[in-house]
Amino acid sequence: MGLQSFENGLERMVEGVFSRGSTPSIRPVELGRRLLREMDDHRSVDVKGRRIVPNEFLYRLTVLDIEGFADIEQALNTELCETAREYARAEGYHFMGPVVVLMESDDTLKPGRFTISSRMKESGGGVGAGALVQADGTRLALGQQVISIGRLPECTIPVADTNVSRRHCEIRPAGSAFVVVDLGSTNGTKVNGVRIQGEQALADGDVVSVGSLTLRFEAS
């Protein structure tokens, strides 16, 4: 599931880029396959019985191979991180912190060869990992800060919608999880289409609706 989505996204991302003369000796999809294998090979079980997998990945490649990805470096990093998140959701894996993908050069490798290493890294302050994803794909990482949503321009996520109150709701850290709290808004805050009463804990994949704004919560 994760790899298939990665391959589809990759086709759109690299369309026309490598045809302009840059032909890397490593196919980007190879990086995705190795990342998923790395997650499978290094999964463990925590005290709650959850299957925990690495969330920080380091690729080592030759300088030439890194330069071969220069035109799509940022997009490739985004696709690799999203691949890890999708695969974790599909397999029931959990992360200890945000997903991070890094690349560094290694002169001992031959062109076309690469290695990958990983580790489980907790997010700072004992707060769980999470993100809010808007409809256009914009991602807001969650941490210790409170995320405010409303019509006021000083809100973390301002919404120009008359159906949204000035200070409509907040996303707050709660131990290792996150909750959405309605601030007495006129039209209410919904999670998965159902209006909440007061506050509600968020689960991976929940969709928070505030007026015309929709936010998908990702617990990774």
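Shown above is the structure to which this text applies.
Everything numeric here is computed off the predicted structure, so don't read it as measured data. (Residues numbered from 1 in each chain as written. Predicted model: local features only at pLDDT ≥ 70, side-chain atom pairs only at ≥ 80, totals over all residues. Heavy atoms only, no water.)

## Structural notes on the overall build of the protein
Then, in step 1: Helix and strand counts for the protein stand at 4 helices and 17 strands.
Then, in step 2: Within the protein, the fraction of its 220 residues that count as buried is 44%.
Then, in step 3: Pairs at least 24 residues apart make up 58% of the contacts formed inside the protein by residues separated by at least 6 positions.
Then, in step 4: Looking at the protein as shown, the accessible area adds up to about 11500 Å², and 47% of this sits on carbon and sulfur atoms. (Helix = DSSP H or I, 4+ residues; strand = E, 2+ residues; numbered from the N terminus. Buried < 20%, exposed > 50% of the residue type's maximum accessible area, 1.4 Å probe, protein only. Contact = heavy atoms within 4.5 Å. Areas by Shrake-Rupley, 256 points an atom, 1.4 Å probe, with all protein chains shown as cover.)

## Regarding the pattern of salt bridges
Side chains that carry opposite charge are capable of pairing whenever their charged atoms lie near each other.
Then, in step 1: Considering all chains together, one arrives at 12 salt bridges under this definition.
Then, in step 2: A salt bridge links Arg-85 to Glu-82; its shortest N-O distance comes to 3.4 Å. Of this pair, Arg-85 and Glu-82 are both found in helix α4 (residues 73-91), 3 residues apart, which corresponds to roughly one turn of the helix. Both residues of the pair, Arg-85 and Glu-82, count as buried.
Then, in step 3: Linking Glu-170 and Arg-172 is a salt bridge whose minimum nitrogen-to-oxygen distance equals 2.8 Å.
Then, in step 4: Look at Glu-170 and you get buried, because its relative accessible area is 11%.
Then, in step 5: Owing to a relative accessible area of 29%, Arg-172 belongs among the partly exposed residues under this scheme. (Salt bridge = Lys/Arg side-chain N within 4 Å of Asp/Glu carboxyl O.)

## A look at the layout of surface pockets
In this approach a probe as big as a water molecule rolls over the atoms, and the regions it shows empty are the leftover space.
Then, in step 1: The volume enclosed by the second largest pocket comes to roughly 190 Å³.
Then, in step 2: Contributing to the lining of the second largest pocket are Asn-77, Thr-78, Cys-81, Glu-82, Arg-85, Val-133, Gly-137, Arg-139 and Arg-216.
Then, in step 3: Ranked by the residues each element gives to the lining of the second largest pocket, the list is headed by α4, at 5 residues.
Then, in step 4: Of the residues that constitute the lining of the second largest pocket, the class distribution is 2 nonpolar, 3 polar and 4 charged. (1 Å grid on protein atoms, 1.4 Å probe; cavity = no way out; pocket = protein on both sides within 12 Å on 5 of 7 lines; lining within 4 Å. Points joined across faces, edges and corners; volume = space filled by probe spheres on them. Nonpolar A, V, L, I, M, F, W, Y, C, P; charged D, E, K, R; others polar.)

## Comments concerning the packing of aromatic side chains
Then, in step 1: In the structure shown here, the tally under the stated rule is 3 aromatic pairs.
Then, in step 2: With a centroid separation of 6.0 Å and an interplanar angle of 75 degrees, the aromatic rings of Tyr-87 and Tyr-93 are classed as edge-to-face.
Then, in step 3: Its relative accessible area of 13% is what places Tyr-87 among the buried residues.
Then, in step 4: Assessed through its relative accessible area of 7%, Tyr-93 is described here as buried. (Phe/Tyr/Trp six-rings, centres within 6.5 Å; stacked < 30°, edge-to-face > 60°.)

## Observations regarding the nonpolar core
Then, in step 1: If you look at the biggest cluster of nonpolar residues, it comprises 23 residues, and the most contacted ones within it are Leu-31, Leu-35, Met-39, Phe-57 and Tyr-59.
Then, in step 2: When residues of this core are assigned to their parent elements, the largest contribution, 6 residues, is made by α4.
Then, in step 3: What Leu-35 contacts, discounting residues up to four positions off in sequence, is Phe-57, Tyr-59, Leu-80, Ala-84, Val-101 and Ile-116.
Then, in step 4: Counting 19 residues, the second largest nonpolar core, distinct from the first, contains Val-164, Val-208, Leu-213 and Phe-217. (Core = buried A, V, L, I, M, F, W, Y, C linked by side-chain atoms within 4.5 Å.)

## Overview of the pairing of strand β16 (residues 207-210)
Then, in step 1: Here strand β13 (residues 190-191) pairs with β16 via 2 bridges, running antiparallel. Among the inter-strand pairings, Val-191 is bridged to a residue of β16, identified as Val-208.
Then, in step 2: With 4 bridges joining them, β16 and strand β17 (residues 213-218) adopt antiparallel strand pairing. Opposite Ser-209, over in β17, you have Thr-214 as the bridge partner.
Then, in step 3: Hairpin connection from β16 to β17: 2 residues lie between these consecutive antiparallel strands, with Gly-211 at a positive phi of about 60 degrees. (Pairing = 2+ DSSP bridges.)

## Observations regarding α4
Then, in step 1: Helix length check: α4, at 19 residues, gives a terminal C-alpha distance of 27 Å against a target of 27 Å (1.5 Å per residue), a fit within 8%.
Then, in step 2: Those residues of α4 that fall on the buried side of the exposure criterion are Leu-76, Glu-79, Leu-80, Cys-81, Glu-82, Thr-83, Ala-84, Arg-85, Glu-86, Tyr-87 and Ala-88.
Then, in step 3: A positive backbone phi angle near 75 degrees is found at Gly-92, which sits one or two residues after α4. (Expected span 1.5 Å × (residues − 1).)

## Things to note about the sheet that holds strand β6 (residues 115-119)
Sheets are built from strands that pair by backbone hydrogen bonding, the pairs being arranged parallel or antiparallel.
Then, in step 1: Pairing in this open sheet of 3 strands is mixed, and the strands run β5-β3-β6 from one edge to the other. For this open sheet the edge positions go to β5 (100-105) and β6, each flanked by a neighbour on one side alone. For this sheet the average axis-to-axis angle between neighbouring strands, irrespective of direction, equals 20 degrees.
Then, in step 2: Here strand β3 (residues 56-61) runs beside β6; their pairing, made up of 5 bridges, is antiparallel. When the bridges of β6 are listed, Tyr-59 appears paired with Ile-116.
Then, in step 3: Along the sheet, α4 makes contact with β3 and β5, crossing β5 at roughly 135 degrees. (Axes fitted to C-alpha atoms, helices over the stretch in contact; angles between N-to-C directions.)

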